[in-house]
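Okay, here's what each chain looks like letter by letter:
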Amino acid sequence: MKSQSTLADLRSEVLKKGYSLEQIESIYALGQLYLETGNLRQASVIFDGLIHLVPNLAPASIGQAIIALFERDFIQAAGAARRASEIDSQVAEATLLLVIAMFGLEDYNSAGTYLGEIREAMESGIEFDKNIVRVYRMLLARYRIRG
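Okay, so let's go over this structure. (Residues numbered from 1 in each chain as written. Predicted model: local features only at pLDDT ≥ 70, side-chain atom pairs only at ≥ 80, totals over all residues. Heavy atoms only, no water.)

**Overview of the overall build of the protein chain**
- Along its length, the protein chain carries 8 helices and 0 strands.
- Secondary structure elements in the protein chain, listed N-terminal to C-terminal, are α-α-α-α-α-α-α-α.
- In the protein chain, which comprises 147 residues, the share counted as buried stands at 39%.
- Here the analysis covers contacts within the protein chain between residues at least 6 apart in sequence; of these, 48% occur between residues at least 24 apart.
- By element, 51% of the accessible surface of the protein chain is carried by carbon and sulfur atoms, the whole surface being about 8700 Å². (Helix = DSSP H or I, 4+ residues; strand = E, 2+ residues; numbered from the N terminus. Buried < 20%, exposed > 50% of the residue type's maximum accessible area, 1.4 Å probe, protein only. Contact = heavy atoms within 4.5 Å. Areas by Shrake-Rupley, 256 points an atom, 1.4 Å probe, with all protein chains shown as cover.)

**With respect to unusual backbone geometry**
- Of note, R72 is a non-glycine position whose phi angle comes to about 60°, a positive value.
- Position of R72 among the secondary structure elements: in the loop between α4 (58–70) and α5 (74–87).
- R72 gets classed as exposed once you look at its relative accessible area, which sits at 63%.
- Positive phi outside glycine occurs at E106, with the angle close to 60°.
- In this fold, E106 is placed in the loop between α6 (92–104) and α7 (108–123).
- You can call E106 exposed: its relative accessible area is 59%.

**So, the packing of aromatic side chains**
- On inspection of all chains with the given rule, the structure shows 2 aromatic pairs.
- Summarising the aromatic geometry, the rings of F103 and Y108 are spaced 5.9 Å apart at their centres and angled 40° between planes, so their arrangement reads as tilted.
- You can call F103 buried: its relative accessible area is 2%.
- Since its relative accessible area comes to 24%, Y108 is described here as partly exposed.
- Over the face of the ring belonging to Y143 we find R146, whose NZ or CZ atom lies 4.2 Å from the ring centre. (Phe/Tyr/Trp six-rings, centres within 6.5 Å; stacked < 30°, edge-to-face > 60°. Lys NZ or Arg CZ within 6 Å of the ring centre and 35° of its normal.)

**Looking at the layout of surface pockets**
- The volume enclosed by the largest pocket comes to roughly 260 Å³.
- Considering the residues around the largest pocket, the lining is formed by Y28, Q32, L35, E36, F47, P59, I62, G63, I66, L69, F70 and L97.
- Counting only elements with at least two residues in the lining of the largest pocket, the list comes to α2 (21–36) and α4.
- Of the residues contributing to the lining of the largest pocket, the split by class is 9 nonpolar, 2 polar and 1 charged.
- The space that makes up the second largest pocket amounts to roughly 170 Å³.
- Looking at the lining of the second largest pocket, the elements that each hand over two or more residues are α6 and α7.
- When residues in the lining of the second largest pocket are grouped by element, the largest group, 3 residues, is from α7.
- Each residue belonging to the lining of the second largest pocket can be placed in one class, and the counts come to 6 nonpolar, 3 polar and 2 charged. (1 Å grid on protein atoms, 1.4 Å probe; cavity = no way out; pocket = protein on both sides within 12 Å on 5 of 7 lines; lining within 4 Å. Points joined across faces, edges and corners; volume = space filled by probe spheres on them. Nonpolar A, V, L, I, M, F, W, Y, C, P; charged D, E, K, R; others polar.)

**Notes on the pattern of salt bridges**
- Tallied over the full model, the rule gives 1 salt bridge.
- Note that E123 is salt-bridged to R119, the shortest N-O span being 3.5 Å. Of this pair, E123 and R119 both sit in helix α7, 4 residues apart, which is roughly one turn of that helix.
- Given a relative accessible area of 38%, R119 falls into the partly exposed group. (Salt bridge = Lys/Arg side-chain N within 4 Å of Asp/Glu carboxyl O.)

Everything listed is a geometric property; what it means functionally is a separate question.
Here it is, written out as structure tokens:
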């Protein structure tokens with residue numbers, strides 16, 4: 001999930017709040033379960049609570065972005081995806097969610113810029129999960145035929 005130094009920082013931050021890293025991971029898993037079963041309201045409560053407890057938890061911001069996209073709140077989605085990307089610039093999912101939000105806002109210039117960042121990362125040799133590559137290609141095709 002994170003590099004060793006940021007994992008240590010995260011563990012320290014979580015312990016200061018009175019939770020263990022394992023408890024935070026379990027709470028996050030519950031939020032994911034709610035999201036996967038379509039219970040957006042409960043997932044939102046979980047992810048919002050996690051952000052309150054651990055502001056630098058990129059996966060919780062990604063969860064918030066996904067919920068906002070389902071609710072067609074593209075400004076909120078863009079903010080959450082941008083926050084996740086700022087926390088951990090290696091999270092391609094956050095950038096792809098940002099592209100989707102930019103499409104919703106009809107900001108095709110920004111969407112193209114973010115797609116270019118993903119392309120540059122791929123060209124530099126960074127290996128992405130095959131599903132990330134599929135979503136990237138789908139969004140790139142949509143970008144090319146926008147109108």
